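In case you want the letters, here they are:
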Amino acid sequence: MPGVVATLVTVICGAILADRLILQAEWWQVNRTVTHAPRPPLADLGPPPGPVTLSWQLSTPVADSELPAYDRVAYTIMDGELVVVSGHGLTVRDARTGRERWHYYRGQWSLLGWARTGHVVVAYLERTGHRGNRLMVGLDAVSGTLLWRQRGDVPAATERTTLRWPAGGGVVIVTEDGRHTLYGRAAATGRRVWSKRLAHGCLLPEAVPYGSSASDNVAAFGLDCGARDRTLALDPRTGRTLFTTNAAHPAVSVSGDVTAVFDGTGLHAYDRGGREFLVRRGEDVCREMCPAVVTGGHLLIAYDLARGPENGTETRRLESIDIGSGGLSWRRDMSGYTALSVSGGLVYGLRSRLADPLLPAGIDVIDPATGAGTTVPAPLVTRPGLDGVRPWLAAGGGLLYVAVPTARPRPFGGARLVALRGGIRGSGPPELAGVPAREWPEACSLLTKHDLPRGYAAEPTTAHVEGLRLRVGCTYRLRHQKRRASDGPEREAAAVSVTVQWVAADESTATALFWAARDTQNGVRDPVKAGDAAYGLGVPSGTVVMRVDRTIVTVTSGIPSMASGLANLVAARLRAAP
């Protein structure tokens with residue numbers, strides 16, 4: 001009998017040791033590196049107002065985690081480093097150069113969440129195909145050293161568009177399977193430092209867009225409480241409740257000490273004590289959530305106006321609100337911001353487009369005291385419908401970091417990040433990257449009546465860029481169709497359009513923008529013989545996008561077989577221009 005007991009003890013101990021030393025061991029599951037290089041310095045400073053140029057760039061594919069809601073890429077700047085988050089794991093790079101410093105990957109596991117506070121990055125991973133097998137790790141952001149591991153906890157309300165969950169003041173906030181209770185864990189050690197039971201009937205969402213957000217001083221959560229949903233704001237260091245407010249299906253965002261809440265009926269902003277100092281009514285004031293930053297005691301927030309006052313186009317307004325008084329300091333209207341960032345006393349805003357129908361995204365550099373600013377093009381392209389990464393903006397070390405989603409690589413898409421520095425100022429306006437407006441060809445001069453069958457008439461269209469007017473578009477329609485009142489498919493069947501989408505300062509810049517635009521398109525058909533480089537859209541291709549020297553032009557025909565031939569005529573006319 002004693003021998004049987006001893007054998008059982010040996011077997012049990014062996015199983016425990018095998019589980020700890022082999023099955024749960026890091027050595028065979030983890031691909032990670034560390035660095036002993038000192039933290040790279042990164043001044044709190046972005047590029048000055050004016051043209052920008054590419055310093056370096058990075059493409060990151062979207063991972064396939066078998067959980068599509070979590071297939072995202074995200075970025076953050078901390079300790080002079082760029083942290084790249086994807087389902088594959090963490091990659092940390094020198095923010096000045098883009099060179100890798102360290103990484104943390106885990107084979108057969110997917111990274112489904114991350115948090116940052118102080119000098120610590122916390123990652124949450126699940127084993128692929130086994131959601132109950134999960135792990136949370138704390139890593140030193142500078143070196144990549146493993147600080148702690150913990151099994152069982154799950155993130156407290158992951159924000160789905162970035163996979164980030166709240167942490168602040170050296171504490172990361174987690175929960176358990178029931179999602180009824182919040183726990184604070186010291187980010188440096190993993191030790192539990194506080195717990196907080198939610199109100200009866202309230203649950204944390206698992207992963208919803210803008211379901212949570214945090215700064216060092218405030219962590220906010222949109223709680224599912226049945227018929228009485230609410231927003232909870234607390235001190236991340238202690239778990240103490242700062243305030244609660246009723247809001248149906250709230251989207252939340254935190255910047256500094258300010259919590260912004262959008263509940264589908266209006267936008268509300270609260271200071272750290274829960275005092276509401278801003279209300280903007282309307283179900284469309286925010287798409288999902290309004291971009292916002294805090295600087296100099298003011299909240300700068302961008303929200304939608306239903307329609308522009310003159311031409312009926314969508315317009316977004318940027319306002320500066322004094323947090324103490326709630327008074328309006330200034331406002332400016334523009335075509336729309338998708339992200340805001342503040343650095344070195346300047347505010348940077350990312351526009352989805354410089355102006356319609358021009359190709360590049362736009363960047364505004366704004367003086368937060370007055371609202372005065374400069375608009376410049378960015379060497380990248382954004383498209384609606386791509387969601388591998390939420391458009392992101394940050395500044396430091398004289399660089400501006402911008403990330404947007406791409407359709408490539410197939411099949412899940414990816415994210416493109418560019419680090420921009422101040423560029424050379426040309427003789428033209430900064431809104432056109434220094435290219436004089438006279439160097440832009442008029443679209444209606446690129447095809448003549450001799451290039452088209454008899455009966456076509458031209459209708460020019462104009463792009464408005466911060467006071468500049470450029471005749472960049474031309475639509476050709478048959479005269480008898482032009483006179484018809486109907487705007488239906490018959491009228492457009494034979495229409496032809498030419499759009500000058502950009503004239504770059506040099507051929508290399510135009511080439512980079514051309515290929516960046518292609519990478520955001522679905523349904524690309526390569527190659528098309530036209531210009532210096534071209535691709536078609538759709539099958540058959542009724543649209544040809546081409547580059548001729550430093551000009552990017554799109555030619556569209558309602559009769560697909562015409563598009564390629566017309567594109568070659570346009571290319572020949574561009575080459576012949578003085």
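Being a predicted model, the structure only gives us computed values, none of them experimental.

Conventions and cut-offs
Residues numbered from 1 in each chain as written. Predicted model: local features only at pLDDT ≥ 70, side-chain atom pairs only at ≥ 80, totals over all residues. Heavy atoms only, no water. Disulfide = S-S within 2.5 Å. Buried < 20%, exposed > 50% of the residue type's maximum accessible area, 1.4 Å probe, protein only. Salt bridge = Lys/Arg side-chain N within 4 Å of Asp/Glu carboxyl O. Helix = DSSP H or I, 4+ residues; strand = E, 2+ residues; numbered from the N terminus. Pairing = 2+ DSSP bridges. Phe/Tyr/Trp six-rings, centres within 6.5 Å; stacked < 30°, edge-to-face > 60°. Lys NZ or Arg CZ within 6 Å of the ring centre and 35° of its normal. Core = buried A, V, L, I, M, F, W, Y, C linked by side-chain atoms within 4.5 Å. Contact = heavy atoms within 4.5 Å. 1 Å grid on protein atoms, 1.4 Å probe; cavity = no way out; pocket = protein on both sides within 12 Å on 5 of 7 lines; lining within 4 Å. Points joined across faces, edges and corners; volume = space filled by probe spheres on them. Nonpolar A, V, L, I, M, F, W, Y, C, P; charged D, E, K, R; others polar. Expected span 1.5 Å × (residues − 1). Polar contact = N/O pair within 3.5 Å; in protein donor to acceptor, adjacent residues only side chain to side chain.

*Asks:* Just give me the short version of the state of the cysteines, but keep the residues and values in it.
*Replies:* Summed over the entire model, instances satisfying the criterion amount to 3 disulfides. Between the sulfur of Cys286 and that of Cys290 lies a disulfide, 1.9 Å long from S to S. Its torsion about the S-S bond being -105°, the disulfide of Cys286 and Cys290 is classed as left-handed. Judged by its relative accessible area of 2%, Cys290 is buried. In this model, Cys444 is linked to Cys474 through a disulfide, with the two sulfur atoms separated by 2.0 Å.

*Asks:* I'd like to hear about the pattern of salt bridges, residue by residue, with values.
*Replies:* Taken as a whole and judged by the stated rule, the model has 27 salt bridges. Two residues, Glu466 and Arg351, come together in a salt bridge whose shortest N-O distance is 2.8 Å. Of this pair, Glu466 sits in the loop between β37 (456–465) and β38 (468–478) while Arg351 is found in strand β31 (residues 346–351), placing the two residues 115 residues apart along the sequence. Among the residues examined, Glu466 registers a relative accessible area of 40% and is labelled partly exposed. Among the residues examined, Arg351 registers a relative accessible area of 3% and is labelled buried. Salt bridges here are not isolated pairs; linked through shared partners, they connect Arg332, Arg351, Asp364 and Glu466.

*Asks:* Give me the sheet that holds strand β42 (residues 543–548): which residues, what numbers.
*Replies:* Judged by pairing direction, the sheet is antiparallel, and its 7 strands sit side by side in the order β37-β38-β39-β43-β42-β41-β40 without closing on themselves. Two strands in the sheet have a free side with no partner beyond their single neighbour: β37 and β40 (524–525).

*Asks:* A description of the packing of aromatic side chains should follow, citing residues and the corresponding values.
*Replies:* Summed over the entire model, instances satisfying the criterion amount to 6 aromatic pairs. With a centroid separation of 4.8 Å and an interplanar angle of 75°, the aromatic rings of Phe514 and Trp515 are classed as edge-to-face. Classification of Phe514 by relative accessible area gives buried; the value is 1%. Under the relative-accessibility criterion, Trp515 is labelled partly exposed at 33%. Cluster of aromatic residues (ring-pair linked, three or more members): Phe514, Trp515 and Tyr535. Taking NZ or CZ as reference, Arg106 lies 4.8 Å from the ring centre of Trp109, over its face.

*Asks:* Could you give an account of the nonpolar core, with specific residues and numbers?
*Replies:* Ranked by size, the top nonpolar core spans 52 residues in total, and within it Leu358, Trp440, Tyr476, Val496, Trp502, Met546 and Val570 carry the most contacts. The set of elements that each furnish at least two residues to this core consists of β37, β38, β39 (496–503), α5 (507–518), β41 (533–537), β42, β43 (551–557) and α6 (560–576). In contact with Trp502, other than residues within four places in its own chain, are Leu354, Leu358, Pro360, Pro377, Glu431, Leu432, Ala433, Trp440, Leu513, Arg550, Thr551 and Ile552. Of all hydrophobic cores here, the second largest spans 36 residues; its members include Met78, Leu90, Tyr104 and Met136.

*Asks:* Report on the layout of surface pockets, specifying residues and quantitative values.
*Replies:* Volume-wise, the second largest pocket comes out at about 530 Å³. Secondary structure elements with two or more residues in the lining of the second largest pocket: β2 (52–61), β33 (373–378) and α5. Grouping the amino acids of the lining of the second largest pocket by side-chain chemistry returns 16 nonpolar, 7 polar and 3 charged.

*Asks:* Give a description of the environment of Ala516 that names residues and reports values.
*Replies:* Within the secondary structure layout, Ala516 lies in helix α5. Considered as a pair, Ala516 and Gly201 are 315 residues apart in the sequence and their alpha carbons are 48 Å apart.

*Asks:* Residue-level account of empty space enclosed by the protein, with values.
*Replies:* A full pass over the atoms with the stated rule returns 1 cavity of 30 Å³ or more. Empty space within the largest cavity amounts to approximately 30 Å³. Considering the residues around the largest cavity, the lining is formed by Ser253, Val254, Ser255, Val258, Thr259, Ala260, Ala292 and Leu299. Of all elements in the fold, only β22 (251–255) and β23 (258–262) reach the threshold of two or more residues within the lining of the largest cavity. The residue makeup of the lining of the largest cavity, split by class, is 5 nonpolar, 3 polar and no charged.

*Asks:* Tell me about α6, and name the residues and values.
*Replies:* Taking 1.5 Å as the rise per residue, α6 with 17 residues should run 24 Å; its terminal C-alpha atoms sit 26 Å apart, in good agreement. Of all the residues in α6, the buried ones are Met562, Ala563, Leu566, Ala567, Val570, Ala571 and Leu574. Where α6 is buried, its residues touch β39, β42 and β43.

*Asks:* Hey, could you go over the environment of Arg101 for me, with residue numbers and the actual values?
*Replies:* Note on placement: Arg101 falls in strand β6 (residues 100–106). As for Arg101 and Thr33, which are separated by 68 residues in sequence, their C-alpha atoms are 8.2 Å apart. If near-sequence neighbours (up to four positions away) are discounted, Arg101 is found in contact with Thr33, Val34, Thr35, Ala37, Pro38, Arg39, Pro40, Glu81, Val92, Arg93, Asp94 and Val142. In terms of polar contacts, Arg101 uses its side chain to reach the side chain of Glu81, at 2.6 Å. Here the side chain of Arg101 touches Val142 through a polar contact of 3.0 Å, landing on its backbone oxygen.

Keep in mind these numbers describe shape, not what the thing actually does.
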